[in-house]
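Now for the letters of each chain:
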Amino acid sequence: MLKKILIVISIFAIAIFNGCDKGIEPEPEIPSGPMGFSGKVTFIGKWPEGIKRTHIVVFKNPIEKSEDFFPPNLSFVSDSIPYNSTEFVYNSIENNFLPILQLDEGVYSYVVVAQSRTPEISLDRKDWFVVGVYCVNGNQSNPAKLIIQRGKITPNVNIIVDFNNPPPQPPM
C-alpha cells in the first residue's frame, strides 16, 4: 500500500513540475492589424528630363543579377511619385500601386526609389534605374533591411534621392 501511495505522489510531483510552469496564463496575443511600412522620400537636385515613372520598389532578396530585379523577387510597388516632387510622404497601405503584391511578415533586403522613361510599366531591368536606396547611415551602397512585423506598420523608412550623387546600380 505504501508503494502505491509513493507512486501516486511521484506522478503528481512530475505533473506539477512539468506542467505548471506558467499556470493558466493566456496565450500570447498575436497582433492582427495591417502590416506595412511608411516614411518619406526627399529629392535633392534637378530631376532628369523624360522621366515617366518614379516608384518605391521593395525586393525580398538582394539584387545580385538582372533576373533578381523583377518577379518573383518583387514584393511591393508604390503609386507613381509626381514628377519634380521635392518630398513624398507615403504609407504602403495607402500608396500601393499593385494591390496584388502584399507585404507579409518578414525581412526585405532592398528598398529603392526607381525611375523609368517608359510610359507604361515595364518588367525589363534595362528600363529602370535606381535613384535612391533605403540604407544604413546614409551609405547608399549599404542597403538597410526592412523588417515587417505582424500587425504593425514599420515607420521611418526614409529615402534620400540625390540626383547629383546617384547610388550604385544593381546588375543589368
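Structure: above.
Structural notes, computed from the coordinates. A quick note: this is a predicted structure, and the numbers were derived from the prediction, not measured.

Side note on the overall build of the chain
In terms of helices and strands, the chain carries one helix and 12 strands. N-terminal to C-terminal, the α/β element order of the chain is α-β-β-β-β-β-β-β-β-β-β-β-β. Buried residues in the chain amount to 39% of all 172 residues. Sequence-distant contacts, at least 24 apart, represent 72% of the contacts inside the chain between residues at least 6 apart. Surface accessibility of the chain: about 10,600 Å² in total, with carbon and sulfur atoms responsible for 59%.

Structural notes on the packing of aromatic side chains
Taken as a whole, this structure holds nine aromatic pairs when the rule is applied. Measuring from centroid to centroid gives 6.0 Å for F59 and Y110, while their planes differ by 35°, and the two rings are tilted. Taken together, the residues span a long stretch of sequence, with F59 in strand β2 (residues 53–59) and Y110 in strand β6 (residues 110–116) at a distance of 51 residues. Among the aromatic side chains, those forming a connected cluster through ring pairs are F37, F76, F88 and Y90.

Focus: the pairing of strand β7 (residues 128–133)
Judged by how many residues are buried, β7 sits mostly within the fold: five of six residues are covered. In the sheet, β6 pairs with β7 via five bridges, with the strands oriented antiparallel. From the neighbouring strand, V112 faces β7, where its bridge partner is V133.

Overview of the nonpolar core
F37, V41, F43 and I56 are the most contacted members of the largest nonpolar core, which totals 25 residues. At three residues, the largest contribution of residues to this core is made by strand β1 (residues 36–44). If we skip the residues at most four places from it in the chain, I56 touches F37, V41, F76, V77, S78, I81, F88, Y90, V111, V112 and V113. Core analysis: the next-biggest nonpolar cluster, separate from the first, contains 14 residues, V57, Y110, V112 and A114 among them.

With respect to the pairing of β6
The buried fraction of β6 is high, at seven of seven residues. Residues Y110, V112, A114 and S116 of β6 are buried on one face, and the alternating residues V111, V113 and Q115, pointing to the opposite face, are buried as well.

A few points about the sheet that holds β7
Spatial strand order, β3-β2-β6-β7: four strands in an open sheet with antiparallel pairing. Two strands close off the open sheet at either side, each with one partner strand: β3 (74–77) and β7. Mean inter-strand twist for the sheet, computed between neighbouring axes without regard to direction, equals 35°. In this sheet, β3 lies alongside β2 in antiparallel orientation, the contact comprising three bridges.

Some words on the side chain of R125
By secondary structure assignment, the location of R125 is in the loop between β6 and β7. Buried and unpaired, R125 has D127 as its nearest opposite-charge partner, separated by 8.7 Å. Within polar-contact distance, the side chain of R125 engages the backbone oxygen of P170 at 2.9 Å. Setting aside residues no more than four positions away along its own chain, R125 makes contact with S66, F69, F70, Q169, P170, P171 and M172.

A short note on the pattern of salt bridges
Scanning the model with the defined rule gives six salt bridges in all. Between D68 and K65 there is a salt bridge, with its nearest N and O atoms 3.2 Å apart. Residue D68 is classed as buried on the basis of its relative accessible area, which comes to 14%. Among the residues examined, K65 registers a relative accessible area of 44% and is labelled partly exposed. Close ionic contact of D104 with R150 constitutes a salt bridge, the shortest N to O distance being 3.7 Å. Separated by 46 residues along the polypeptide, D104 in the loop between β4 (87–91) and β5 (106–108) and R150 in the loop between β10 (146–148) and β11 (153–154) bring together distant segments of the chain. Given a relative accessible area of 41%, D104 falls into the partly exposed group.

Conventions we followed
- Residues numbered from 1 in each chain as written.
- Predicted model: local features only at pLDDT ≥ 70, side-chain atom pairs only at ≥ 80, totals over all residues.
- Heavy atoms only, no water.
- Helix = DSSP H or I, 4+ residues; strand = E, 2+ residues; numbered from the N terminus.
- Buried < 20%, exposed > 50% of the residue type's maximum accessible area, 1.4 Å probe, protein only.
- Contact = heavy atoms within 4.5 Å.
- Areas by Shrake-Rupley, 256 points an atom, 1.4 Å probe, with all protein chains shown as cover.
- Phe/Tyr/Trp six-rings, centres within 6.5 Å; stacked < 30°, edge-to-face > 60°.
- Pairing = 2+ DSSP bridges.
- Core = buried A, V, L, I, M, F, W, Y, C linked by side-chain atoms within 4.5 Å.
- Axes fitted to C-alpha atoms, helices over the stretch in contact; angles between N-to-C directions.
- Lys, Arg positive; Asp, Glu negative; His and termini not counted.
- Salt bridge = Lys/Arg side-chain N within 4 Å of Asp/Glu carboxyl O.
- Polar contact = N/O pair within 3.5 Å; in protein donor to acceptor, adjacent residues only side chain to side chain.

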